[in-house]
Structures are given as C-alpha cells and as structure tokens.
Amino acid sequence: MEELEKSLPYYDQIYHSIREMIFNGILKPGERIFEAKIARDFNISRSPVREAVKILEKEGLLVIDEKSRITVFQPTAREFKEIYECRIMLEALAAQLTARLASRKELEELGEVLAKTRMYLAEKDEQNRDAVIALNARFHDLITQFSQNRRLQQQLHDLRSLCHYYRVINFNGENRDWTIYKEHEEIYQHLVNRDEKNASLAMSKHISNDLRHFKKMILGSNEKETVYHTPVLATE
C-alpha cells in the first residue's frame, strides 16, 4: 500500500485508493474486503476507512450485506441492463440537447477530445489505454455538461462511478478502442451539424452497442440487443 499524504483527508485518499484498485482489477467483483486490514495496511485507524467505504457503497462500487460483510460490486445481467437502459435514455437526451444548445467553443472542446483520442490510438501504445479511457469518459461528461439540464446531470452523476467501472471493462476486445472512437466521431458530427434527432439516435445506438459488447465479454451472451432511444423533443 502507498503511504498517505498528511495534507489530505485520510478518508478521501482511502476512497480513491480502493476505487482505483477496483477499476484496475486488483480488487475483483465479489471479492470481500476488510476495514481492519485496510487500516493496518495504511497504518491508520478504522474511522477514515469506514468513511471511505460508506462513500463507495453509496456510489455502488461496494456492497454491505445484512451481516456487515463488505464485497466489491458484482453486477448481474439484470443490473447491467438496468444501468445501461438508464444511460441510454439520459445520454441520448443529453446529446439531443447539446446539439441544440452547445456553443461553438463547447463543440470545439469536444473535437479536441476526439483529436487527442485519435492521437493516442494511432500510437498503438498499451500504456495509453488509461488516457484513452479517461478521454472516452470526458467525451460523455462534456455532452452531459453542455446539455444545460441540471436534473439530467445529477442523475448521470449518480451513475458515474459504476459507468466508469463498466467503461474500463468495456475496452477489452480486439479493436474495441477504435470502434468506440468511430462511434464517438459519428455522434460528434451530428452535434456539429445541429442534428438533434440523429445525435440522439447515434448516442442511443452507441450505448446499446456497449451493452451488447459488455454482455458478450462478461456473460458470454450473443443475443441481439434492442436499441433504445428517447423521443425527440420539439425544437423551441
């Protein structure tokens, strides 16, 4: 375990440390963790560990059962489907609103994210993987931000940690990174063209494809996934 910085709250550092271990696969889905062991590893009391665990439980990355046993979230097929259905509906709407409301500067910022992504992918360096995943998340986060809908932003924020957890796993597979990039590029072109309907549909298709790929990777399912999309709102 790394040494904690005294200048930062211990619970915050423990939170980020456990979170990264889950995202990086060091802590596996369903694996049990122990507050006392974490406290010993970091040479601190259990109080900040308990605070960190509460935050991670709220985000859905840790599960505490009726006997107070703490385990890493292990999603079922139903949970995959439910979370991705929420994402599809919310992010398709975010794309539609962004196509309508985003400024030219904001669209340019999205374009810069795609340009950086392409640069990293072209280098074919495995060490770029984390950067590409972060840029992928940034693309989605910016579209949510530029939608200017605070309620929508809050609901997606509540799903953010689980979405990132899935996003890391979803990058596995041959040429998966390029497939995601090309789908992002399609969404971006519709945004630039102010095409609300097709921006929404492209985002819906993109996340539906993510769900299908995820189920294939984790559950071995090859079923044809339904493409969900939001009704297109009337232009003001």
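A short tour of the structure in this document, coming up. (Residues numbered from 1 in each chain as written. Predicted model: local features only at pLDDT ≥ 70, side-chain atom pairs only at ≥ 80, totals over all residues. Heavy atoms only, no water.)

Re the nonpolar core
Then comes step 1: If you look at the biggest cluster of nonpolar residues, it comprises 60 residues, and the most contacted ones within it are Leu 110, Ile 143 and Tyr 166.
Then comes step 2: Looking at which element gives the most residues to this core, the answer is helix α4 (residues 77–101), with eight residues.
Then comes step 3: Once residues within four sequence positions are removed from consideration, Ile 143 is found in contact with Ala 94, Ala 95, Thr 98, Leu 110, Ile 187, Leu 191 and Met 203. (Core = buried A, V, L, I, M, F, W, Y, C linked by side-chain atoms within 4.5 Å. Buried < 20%, exposed > 50% of the residue type's maximum accessible area, 1.4 Å probe, protein only. Helix = DSSP H or I, 4+ residues; strand = E, 2+ residues; numbered from the N terminus. Contact = heavy atoms within 4.5 Å.)

Some points on the pattern of salt bridges
Then comes step 1: Applying the stated criterion to the full structure yields 12 salt bridges.
Then comes step 2: The residue Glu 59 makes a salt bridge to Arg 19 at a minimum N-O spacing of 3.9 Å. With Glu 59 in helix α3 (residues 46–59) and Arg 19 in helix α1 (residues 10–23), the pair connects residues that are 40 residues apart, well separated along the chain.
Then comes step 3: Salt bridges here are not isolated pairs; linked through shared partners, they connect Glu 35, Arg 46 and Arg 50. (Salt bridge = Lys/Arg side-chain N within 4 Å of Asp/Glu carboxyl O.)

Concerning the sheet that holds strand β3 (residues 70–72)
Then comes step 1: With respect to topology, three strands assemble into an open sheet ordered β1-β3-β2, the strand pairing being antiparallel. One side of each edge strand has no neighbouring strand; the edge strands of this open sheet are β1 (32–33) and β2 (62–64).
Then comes step 2: Here two bridges tie β1 to β3, and the two strands are oriented antiparallel to one another. Pairing of Arg 32 across the sheet is with Thr 71, part of β3.
Then comes step 3: Helix-sheet contacts for α3 involve β2 and β3, and the interaxial angle to β2 is about 100°. (Pairing = 2+ DSSP bridges. Axes fitted to C-alpha atoms, helices over the stretch in contact; angles between N-to-C directions.)

Looking at the packing of helix α5 (residues 104–123) against helix α9 (residues 176–192)
Then comes step 1: Following both chains from N to C, one finds α5 and α9 inclined at 160°, their axes separated by 11 Å at the closest point. Taken together, α5 and α9 sit at an angle that is classed as roughly antiparallel. In the packing of α5 onto α9, the handedness of the crossing is left-handed. On α9, the residues that touch Leu 107, Leu 110, Gly 111, Leu 114, Thr 117, Arg 118, Leu 121 and Ala 122 of α5 are Asp 177, Trp 178, Tyr 181, His 184, Glu 185, Tyr 188, Leu 191 and Val 192.
Then comes step 2: Tallied by class, the residues present in the contact of α5 with α9 amount to 10 nonpolar, three polar and three charged. (Parallel < 35°, antiparallel > 145°, perpendicular 65-115°, else oblique. Left-handed = near helix turned anticlockwise from the far one by under 90°. Nonpolar A, V, L, I, M, F, W, Y, C, P; charged D, E, K, R; others polar.)

Taken by themselves, the reported measurements are silent on function.
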